[in-house]
Amino acid sequence: VQLQASGGGSVQAGDSLRVSCVASGLTFSNYALAWFRQAPGKEREFVAGISRKGGMTSYTDFVKGRFTISRDNAKNTVALQMNSLKPEDTAVYYCAADLNLFTIAQDMAEYDYWGQGTLVTVSS
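Note that the coordinates shown come from a computational prediction; the quantities given were computed from them, not determined experimentally.

Let's talk about the overall build of the chain
Link 1 in the chain: When you go through the chain residue by residue, the secondary structure sums to zero helices and eleven strands.
Link 2 in the chain: Secondary structure of the chain in N-to-C order comes out as β-β-β-β-β-β-β-β-β-β-β.
Link 3 in the chain: Against the compact-globule benchmark of 14 Å for 124 residues, the chain has a radius of gyration of 13 Å, which places it among compact chains.
Link 4 in the chain: With the principal axes as the frame, the chain shows a C-alpha extent of 40 × 25 × 25 Å.
Link 5 in the chain: Evaluated residue by residue, the chain yields a buried proportion of 44% over its 124 residues.
Link 6 in the chain: When contacts within the chain are restricted to residue pairs at least 6 apart in sequence, those whose partners lie at least 24 apart make up 59%.
Link 7 in the chain: Between the mean site of the 11 positive side-chain charges and the mean site of the 11 negative ones, the chain shows a separation of 6 Å.

See the structure below:
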């Protein structure tokens, strides 16, 4: 199983950026998916999640209204559209997959597979 994240970069505050993750080696539609992030010196935290068929999403409060998670089960991809970026959004962003039939877990221990991370840097 492999999750390959891409799309990170350096932007200015207020800009937008889209990070994506493509999965292989698993039955993609069986997995809930999420994005986590880890800023320097901080613990990894949940950002957004999406259910197996995309009908349910979940966001942490500090990104609600700015970030949108989506998935394409035909292409085995999950994306995170990030708008109105702030310097405090600077982090390595990780995609993760959870074999979960019913919920979107926010605990990273629930996730079975992880991508390698992509760095997002937002300057003021």
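Quick word on the state of the cysteines
Disulfide: a covalent bond formed between the sulfur atoms of two cysteine residues.
Link 1 in the chain: Within the structure shown, the criterion is met by one disulfide.
Link 2 in the chain: The side chain of Cys 21 participates in a disulfide bridge whose partner is Cys 95; the two sulfur atoms lie 2.1 Å from each other. One disulfide, between Cys 21 and Cys 95, carries an S-S torsion of 55 degrees and so falls in the right-handed class. Placement of the pair is Cys 21 in strand E3 (residues 17–24) and Cys 95 in strand E9 (residues 91–98), with a sequence separation of 74 residues.
Link 3 in the chain: Residue classification places Cys 21 among the buried residues on the basis of a relative accessible area of 3%.
Link 4 in the chain: For Cys 95, a relative accessible area of 1% puts it in the buried group.

Re the sheet that holds strand E8 (residues 77–82)
Link 1 in the chain: Spatially, E1-E3-E8-E7 is the arrangement adopted by the four strands of the open sheet, whose pairing is antiparallel. The sheet is open, and its two borders are formed by strand E1 (2–6) and strand E7 (67–72), each paired with just one other strand. When strand polarity is set aside, the average angle formed by the axes of neighbouring strands in this sheet is 15 degrees.
Link 2 in the chain: Note: E7 against E8, six bridges, orientation antiparallel. If you follow Ile 69 over to E8, its bridge partner there is Leu 80.

Some remarks on the nonpolar core
Link 1 in the chain: Judged by nonpolar contacts, the single largest core of 30 residues is most densely connected at Trp 35, Leu 80, Met 82 and Tyr 93.
Link 2 in the chain: Discounting residues that sit within four places of it in the chain, Leu 80 has contacts with Leu 17, Arg 18, Val 19, Trp 35, Val 47, Ala 48, Phe 67, Thr 68, Ile 69 and Tyr 93.

Section: the pattern of salt bridges
Link 1 in the chain: Tallying each qualifying case throughout the model produces four salt bridges.
Link 2 in the chain: Of the charged contacts, one joins Lys 64 and Asp 61 as a salt bridge, the two residues approaching to 3.3 Å between their closest N and O atoms.
Link 3 in the chain: On the accessibility criterion, Asp 61 (62% relative accessible area) is exposed.
Link 4 in the chain: For the salt bridge of Arg 66 with Asp 89, the shortest nitrogen-to-oxygen distance reads 2.7 Å. With Arg 66 in the loop between strand E6 (57–59) and E7 and Asp 89 in the loop between E8 and E9, this pair connects stretches of sequence that are 23 residues apart. Like Arg 66, the residue Asp 89 is buried in the burial classification.
Link 5 in the chain: Through salt bridges with shared partners, a single network forms among Arg 37, Glu 45, Arg 66 and Asp 89.

Criteria and cut-off values
- Residues numbered from 1 in each chain as written.
- Predicted model: local features only at pLDDT ≥ 70, side-chain atom pairs only at ≥ 80, totals over all residues.
- Heavy atoms only, no water.
- Helix = DSSP H or I, 4+ residues; strand = E, 2+ residues; numbered from the N terminus.
- Rg over C-alpha atoms; globule rule 2.2 N^0.38 Å.
- Buried < 20%, exposed > 50% of the residue type's maximum accessible area, 1.4 Å probe, protein only.
- Contact = heavy atoms within 4.5 Å.
- Lys, Arg positive; Asp, Glu negative; His and termini not counted.
- Charge placed at Lys NZ, Arg CZ, Asp CG, Glu CD.
- Disulfide = S-S within 2.5 Å.
- Pairing = 2+ DSSP bridges.
- Axes fitted to C-alpha atoms, helices over the stretch in contact; angles between N-to-C directions.
- Core = buried A, V, L, I, M, F, W, Y, C linked by side-chain atoms within 4.5 Å.
- Salt bridge = Lys/Arg side-chain N within 4 Å of Asp/Glu carboxyl O.

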